[in-house]
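Remarks on the overall topology
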Amino acid sequence: MKNIRKKIAGLTAAVVAVVGVAAFSAWACFVQPEEMPAQAVPAYQIVVEKDTSSQGDVVIEINQKDIYKGNLLLVNPWNAIPEDLEDVSLCNLYEEYPHRNYQLANSGMMLQEEAARQANMMFDAAKKAGQENYLLRACYRTQDDQEDILEDELEKYQSLPEDQAKDKALSKVAKPGTSEHQLGLAMDVNVYVPGQWSKAFGDTAQCGWLTGHSWQYGWVVRYDEEKSDITGITNEPWHFRYVGVPHAAIMVQKNLCLEEYLELLRQQRHIKVTDEQGVTYHIRYVKMGNHSSTTIRIPSSQYTLSGDNLGGVIVTWKEESTATSAS
Ligand SMILES: [Zn+2]
């Protein structure tokens, strides 16, 4: 309890600090829903590659542990975070990225490095488009953080029988071990407004811009009401998840949540997508089964690996012949 109280006190101090900063900001954030900025719509060419035979000069060895790391890890009420989440390189947003187009709820906020880099590019672009006053409310959480949050939520339902209280709390807060925040690949975004903590984020122009453009930076709105049966979480317009480029674009274009997208990859095994600039990516699903390791050949050295936390590994590579100077 002491620990929790300390955290609450710290949080309150952070709120006061944020609101203090916010007092300098004008009324720009009071934007009506009808002023929503236009959304960017991905127009990728998506083709299923029938021939999945291994070819190419680049040999990749994929191991069981690769199932449990990477940007596409599925974490939901039915799939807990991997116990030994590996190679997670977290960076502190306050220390590494000062003077950005957002406020932080506290100075300890962290994201995985690539996700942080891409988030900063995204918020820079938002500023260019006239959208400011973003507030990052939550980023990386430890198991202890998540347990504290659940305990705080449980305290609200003390008058109810234990089972009911637990159900209520778990409908609002992810069970410890099943929160995407524990991956360092998720952030809760809001806007800060003078004199109050926040307002309904979903109604703001800042949310409108982010929802419409985040895919360009590898981020997606993770929880949509219409997908809540599949994700296990109701509408959360503030919760953004990093999955990386080009996956975010495909998910948005095909209106797939992460569960559905991974299912598509499992079924299609190999898809080829070309973005609006003519850059072509291949996305190949490798089922690991009980194999401790397997080897595949691909024709490009520009590749990334990500597990799905379900028994497969996704290899994504860029076609070198069409690679641009973008880096
Ligand atoms: Zn969240």
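First things first, this report covers the structure right here in the doc.

Calculation notes
Residues numbered from 1 in each chain as written. Predicted model: local features only at pLDDT ≥ 70, side-chain atom pairs only at ≥ 80, totals over all residues. Helix = DSSP H or I, 4+ residues; strand = E, 2+ residues; numbered from the N terminus. Buried ≥ 20, exposed ≤ 12 C-beta atoms within 10 Å, placed from the backbone. Contact = placed C-beta atoms within 7 Å. Pairing = 2+ DSSP bridges. Axes fitted to C-alpha atoms, helices over the stretch in contact; angles between N-to-C directions. Core = buried A, V, L, I, M, F, W, Y, C linked by C-beta atoms within 7 Å. Expected span 1.5 Å × (residues − 1). Arc of directions from axis to C-beta. Parallel < 35°, antiparallel > 145°, perpendicular 65-115°, else oblique. Left-handed = near helix turned anticlockwise from the far one by under 90°. Nonpolar A, V, L, I, M, F, W, Y, C, P; charged D, E, K, R; others polar.

Across its full length, the chain carries nine helices and 14 strands. When each of the 327 residues of the chain is scored for burial, the buried share is 35%. Within the chain, counting contacts between residues at least 6 apart in sequence, those at least 24 apart form 71% of the total.

Its place among the elements puts Val273 in strand β10 (residues 270–274). Separated by 228 residues in sequence, Val273 and Gln45 have C-alpha atoms that sit 5.3 Å apart.

Quick look at the sheet that holds strand β8 (residues 219–223) now. One open sheet holds the five strands; their spatial order is β4-β6-β7-β9-β8, and the pairing between them is mixed. Looking at strand neighbours, the two that pair on one side only are β4 (102–104) and β8, the edges of this open sheet. Here the strands of the sheet are splayed against their neighbours by 40 degrees on average, with no regard to which way each runs. Alignment of strand β7 (residues 186–191) against strand β9 (residues 236–242), held across three bridges, turns out to be antiparallel. Bridge pairing in β9 links Ala186 to Arg241. Sheet contacts for helix α3 (residues 113–128): β4, β6 (134–138), β7, β8 and β9; angle to β8, the most-contacted strand, approximately 100 degrees.

Spatially, the five strands line up as an open sheet ordered β1-β10-β11-β14-β13, and their pairing is antiparallel. For this open sheet the edge positions go to β1 (45–48) and β13 (303–307), each flanked by a neighbour on one side alone. Each adjacent strand pair in this sheet contributes to an overall mean axis angle of 20 degrees, direction not counted. Across seven bridges, strand β11 (residues 280–287) lies against strand β14 (residues 312–318) in antiparallel orientation. When the sheet's bridge partners are listed, His282 is paired in β14 with Trp317. In this fold helix α9 (residues 258–268) packs onto β1, β10, β11 and β14, with an angle of close to 80 degrees to the strand it touches most, β11.

In this section: the environment of Gln55. Residue position: Gln55 is located in the loop between β1 and β2 (58–63). For Gln55, a count of 10 C-beta atoms within 10 Å corresponds to the exposed category. Sequence separation between Gln55 and Pro299 is 244 residues; the distance between their C-alpha atoms is 6.6 Å. Every residue in contact with Gln55, bar those within four places of it in the chain, is listed here: Arg297 and Pro299.

What follows covers the nonpolar core. Counting residues in each nonpolar core, the largest one holds 63 residues, and the members touching the most others are Leu111, Leu136, Trp219 and Val220. When residues of this core are assigned to their parent elements, the largest contribution, six residues, is made by α3. Beyond its immediate chain neighbours, meaning those up to four positions away, Leu136 contacts Leu93, Tyr102, Leu104, Ala105, Met109, Met187 and Val189.

Here α3 is 16 residues long and its end C-alpha atoms lie 23 Å apart, about the 22 Å a rise of 1.5 Å per residue gives. Where α3 is concerned, the buried positions are Ala115, Ala116, Gln118, Ala119, Met122, Phe123 and Ala126. Seen along its axis, α3 keeps its buried residues to an arc of 165 degrees; they face one direction. Remark: Gly130 follows α3 within two positions and exhibits a positive phi of approximately 90 degrees.

With an omega of 5 degrees, the peptide bond running from Val245 to Pro246 counts as cis. Mapped onto the elements, Pro246 comes out in the loop between β9 and α8 (247–253). Of note, Asn255 is a non-glycine position whose phi angle comes to about 55 degrees, a positive value. Mapped onto the secondary structure, Asn255 falls in the loop between α8 and α9. For Asn255, a count of 10 C-beta atoms within 10 Å gives the class exposed. If you check the backbone angles, Asn309 has positive phi at about 70 degrees while not being a glycine. You can see Asn309 is positioned in the loop between β13 and β14. Take Asn309: there are 22 C-beta atoms within 10 Å of it, and that puts it in the buried class.

Time to look at the packing of helix α4 (residues 143–155) against helix α5 (residues 162–172). Running from amino to carboxyl end, α4 crosses α5 at an angle of 130 degrees, the nearest separation of the two axes being 9 Å. The pairing of α4 with α5 is recorded here as oblique in orientation. Along this stretch, α4 crosses α5, giving a crossing that reads as right-handed. Every residue of α5 that contacts α4 at Leu150, Glu153 and Leu154 is listed here: Ala165, Lys166, Ala169 and Lys172. Counted by class, the contact of α4 with α5 contains four nonpolar, no polar and three charged residues.

All we've got here are geometric facts, nothing functional implied.
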